[in-house]
Amino acid sequence: MNLFDYMRENTMEKESPLASRMRPETLDEVVGQKHIIGRDKLLYRAIKADKLGSVIFYGPPGTGKTTLAKVIANTTSAQFRQINATVAGKKDMEEVVNEAKENLGMYGKKTILFVDEIHRFNKGQQDFLLPYVEDGTLILIGATTENPYFEVNGALLSRSKIFELRPLEKEAVKELIHRAVYDEAKGMGGYGGEITEEAADFLADAAGGDARSALNAVELGILTTDRSEDGKIWINLEVAQECIQKRAVRYDKDGDSHYDTISAFIKSMRGSDPDAAVYYLARMLYAGEDIKFIARRIIICAAEDVGMADPQALVVAVNASLAVERVGMPEARIILAEAVTYVATAPKSNASYLAVDEAMEYLKNHRALPVPAHLQDRHYSGAAKLGRGLDYQYAHSYPHHYVKQQYLPDGMEGTVFYRPTDNGYERQVTQWMEFLKRESGEQE
């Protein structure tokens, strides 16, 4: 490294964004992600022992993918090289590979290649790395915000361990915020800043698990806020809102506001008011509510309140739940909005819900009666001798695939639990059941 490179690196280190300066240098400084770097976890042990194989870090922005790579760089005895897939080309990779071969051949030293945004590499670029990962010339660390099972070649995946990083918990983000404000070595401690608990809580919530977002807001707040009469720079709620460009919404996830909002959300879908339902959806998303929690409530509403009036509502809701887990925010808001408006505008029926509750209430008050002999299983050894399954009439052998036959236990004949409404698809259900009974002579 020449003098100019040294001066440039020193300048960048001092003037780089707070989020970059605050990156931990050792595993013990890392906040959050204990499910993969807890002291008893494989990744922690591998990094500590300097025995790391190829890995891919997958998770939303600001969860620590690059941070973990930097920690590995500070921990390992291997040569560490970093490239970004958005700008790197084949020439850059060839340079790294040639250097890695030289280090391995001449000094017996391994090379770790960190590829940020690895999903941006096309198939050809990923294939280029494959033989060098396979023969041990390179140890690959890939970082991606996209699902690696869709975006990374199967051959590379099979030679790498996948570690999923989760959005940081609120308390972890809050710890980083306090470090940023008061740490004089890496943070903004030299500026004499103070942050109120209300502001720290808000920023930790508003960041939505993205540490970089919270740290950027802290840095902006301290650099742009005038000193108070006491000589300190105070980051209060008003300053925090300005810095993260998000207004505080009254929404305590453990308090009344949370339950009131989700209650209004469900009742708006049940009441067929898509505008109100979307408003409460936006309110929850704005406040940082867990998208998986919202998706579960939509599924429940689709089953409980739409039911058989539109069976497709449950299909939409379940698929939306799967989609938001794959996509994440901010795009998940669109998927949730589609499911919410579908459920809100669908015809409604709680007949299925009432049917199962009535059946369970019946069982609570009556003993469970034997299953009729003709419906019992006759496939096990000796079943036929016991009369199991005899005289069962196979529905598909009759017109309209229906035959009049006793299905409820003896003594329960004629008991009704499911009473379809005249709404949506259930009207067709009612007409079809009446047609079958009429054709079989049950209504004579």
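Check the entry above for the structure.
Residues numbered from 1 in each chain as written. Predicted model: local features only at pLDDT ≥ 70, side-chain atom pairs only at ≥ 80, totals over all residues. Heavy atoms only, no water.

Engineer: Account for the overall build of the protein, naming residues and giving values.
Structural biologist: When its secondary structure is counted, the protein shows 20 helices and seven strands. Over its C-alpha atoms the protein spans a radius of gyration of 31 Å, topping by over 25% the 22 Å that the globule rule assigns to 444 residues. The dimensions of the protein, computed from C-alpha atoms along their principal axes, are 100 × 65 × 35 Å. Per-residue burial over the protein gives 41% buried out of 444 residues. (Helix = DSSP H or I, 4+ residues; strand = E, 2+ residues; numbered from the N terminus. Rg over C-alpha atoms; globule rule 2.2 N^0.38 Å. Buried < 20%, exposed > 50% of the residue type's maximum accessible area, 1.4 Å probe, protein only.)

Engineer: Go over unusual backbone geometry with me, naming the residues and quoting the values.
Structural biologist: Cis geometry is found at the peptide bond from Met329 to Pro330, where omega equals 10°. When you line up the elements, Pro330 lands in the loop between helix H17 (312-327) and helix H18 (332-345). Even without being a glycine, Asp50 presents a positive backbone phi close to 55°. By the secondary structure assignment, Asp50 is in the loop between helix H4 (42-48) and strand S1 (55-58).

Engineer: Got a sec to walk through the pattern of salt bridges? Specific residues and values, please.
Structural biologist: Should their charged atoms come close, side chains of opposite charge can pair. Within this structure, the stated rule accounts for 19 salt bridges. Linking Glu99 and Arg81 is a salt bridge whose minimum nitrogen-to-oxygen distance equals 2.6 Å. Placement of Glu99 in helix H6 (residues 90-107) and of Arg81 in strand S2 (residues 79-84) is noted, with a sequence separation of 18 residues between them. For Glu99, a relative accessible area of 27% puts it in the partly exposed group. Measuring nitrogen to oxygen at the nearest pair gives 3.2 Å for the salt bridge that ties Glu194 to Lys232. Separated by 38 residues along the polypeptide, Glu194 in strand S6 (residues 193-195) and Lys232 in the loop between helix H12 (211-224) and strand S7 (233-235) bring together distant segments of the chain. Three or more residues are tied together by salt bridges with common partners; here these are Lys170, Lys174, Glu197, Asp201 and Asp205. (Salt bridge = Lys/Arg side-chain N within 4 Å of Asp/Glu carboxyl O.)

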